[in-house]
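# Observations on the model geometry
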Amino acid sequence: MTRAICPGSFDPVHLGHVDVITRAARLFDEVVVAVSTNYAKTYRFDAEERRMLCAESLAHLPNVTVVPMGGGLLADFCREQGAVGVVKGLRSGLDVDYELPMARMNRHLADVETVFLPGDAAFLHVSSTLLKEVAALGGDVAPFVPPAVLRRLVPPDHPDGAGRDVPAEP
Ligand code: PNS
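Heads up: these notes are all about the structure in this document. Since this is a predicted model, take the numbers as computed values, not measurements.

## Quick look at helix 3 (residues 74–81)
Those residues of helix 3 that fall on the buried side of the exposure criterion are Leu74, Ala75, Phe77 and Cys78. On an axial view of helix 3, the arc spanned by its buried residues comes to 160°, and they lie on one face. The inward-facing, buried residues of helix 3 contact strand 1 (3–8), strand 2 (30–36), strand 4 (64–70), strand 5 (85–90) and helix 4 (93–110). Among the residues trailing helix 3, glycine 82 stands out with phi positive, at a value near 65°.

What follows is the structure in C-alpha cells.
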C-alpha cells in the first residue's frame, strides 16, 4: 500500500489542484490532501472552509481523503501518515525554484521523496491568488474552479460577506 500527500493551503482549491490530485490518485494507492495553515498568514477562507471545499471538490475520487494539517511541518505529517511521497504540480520555472528547496529539505527531514507532475496546459496560468482577484473584480473564473468554489468566490461587497480575509486561527 503506497500513500502520498498532496499538501497546500488551497485558498481556495482550483481545477489545477484537482488535476494534479486526480493524477496522483492514479499513481498511489491512497492520497491524503493536507490542508495547511500558516498562522502568520491571512486567508480568504478559514481552515475548515478550505478543507470542506477540497473535500466537496474531490469527493468523486475514492482513494483521496482530505485532512487539516494545521501549522506543523509537512515532514512530520508525512511520518505520521506513513507516506512514501509528496506530490506537487509544476506550472513554471518559478514553481521549480520555489519547490526544489522544500523537496530537498523534506527529504533531509523525513526521507520523503517529492514527485513533481507537469501542470496541465489548461491551468498553467491559474493560481488561487489570481482567481480571488479576478472573481472579486467581477471576472469569469468558472472554467478554473469546482462548482462549490465558484459559489463561494463572490465579489467582496456581496451580502454574504464572503470577500473578507480571515486571519488564521491557532
Ligand atoms: O499552497 P501553498 O501555499 O503553496 O503550499 C505550501 C505548503 C503548505 C505545501 C508549504 O508551505 C508547506 O509544506 N508548509 C508546511 C510547513 C513546512 O513543512 N515548512 C517547511 C517546508 S520544507
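## Observations regarding the pattern of salt bridges
Going through the model one piece at a time under the given rule, you end up with 10 salt bridges. Linking glutamate 56 and arginine 151 is a salt bridge whose minimum nitrogen-to-oxygen distance equals 3.3 Å. On the criterion of sequence distance, the pair formed by glutamate 56 in helix 2 (residues 47–57) and arginine 151 in helix 6 (residues 147–152) is long-range, its members being 95 residues apart.

## What about the site of the ligand?
As a matter of local geometry, the ligand sits amid 13 residues, with Ser9, Ser36, Gly72, Leu73 and Leu74 nearest to it. One nitrogen or oxygen atom from the side chain of serine 9 is found 2.8 Å from an oxygen atom belonging to the ligand. Out of a free accessible area of 550 Å², the ligand has 73% covered by protein chains. Placement of the ligand is best described as lying within the largest pocket. Of all the elements in the fold, those that place two or more residues in the shell around the ligand are strand 1 and helix 4. Residue contributions to the shell around the ligand peak at four residues, all from helix 4.

## Topic: empty space enclosed by the protein
Using the criterion set out here, one finds one cavity of 30 Å³ or more in the structure. As a volume, the largest cavity reaches approximately 30 Å³. Lining the largest cavity are Leu74, Val86, Lys88, Glu99, Met102, Ala103, Asn106, Thr114 and Phe116. When contributions to the lining of the largest cavity are tallied by element, the ones reaching two or more residues are strand 5, helix 4 and strand 6 (113–118). Take the lining of the largest cavity: its biggest share by element is four residues, from helix 4. Considering only residue class, the lining of the largest cavity consists of five nonpolar, two polar and two charged.

What counts and how
Residues numbered from 1 in each chain as written. Predicted model: local features only at pLDDT ≥ 70, side-chain atom pairs only at ≥ 80, totals over all residues. Heavy atoms only, no water. Buried < 20%, exposed > 50% of the residue type's maximum accessible area, 1.4 Å probe, protein only. Helix = DSSP H or I, 4+ residues; strand = E, 2+ residues; numbered from the N terminus. Arc of directions from axis to C-beta. Contact = heavy atoms within 4.5 Å. Salt bridge = Lys/Arg side-chain N within 4 Å of Asp/Glu carboxyl O. Near = heavy atom within 4 Å. Polar contact = N/O pair within 3.5 Å; in protein donor to acceptor, adjacent residues only side chain to side chain. Areas by Shrake-Rupley, 256 points an atom, 1.4 Å probe, with all protein chains shown as cover. 1 Å grid on protein atoms, 1.4 Å probe; cavity = no way out; pocket = protein on both sides within 12 Å on 5 of 7 lines; lining within 4 Å. Sits in = over half its atoms within 2 Å of the grid points. Points joined across faces, edges and corners; volume = space filled by probe spheres on them. Nonpolar A, V, L, I, M, F, W, Y, C, P; charged D, E, K, R; others polar.

Geometry only, nothing functional implied.
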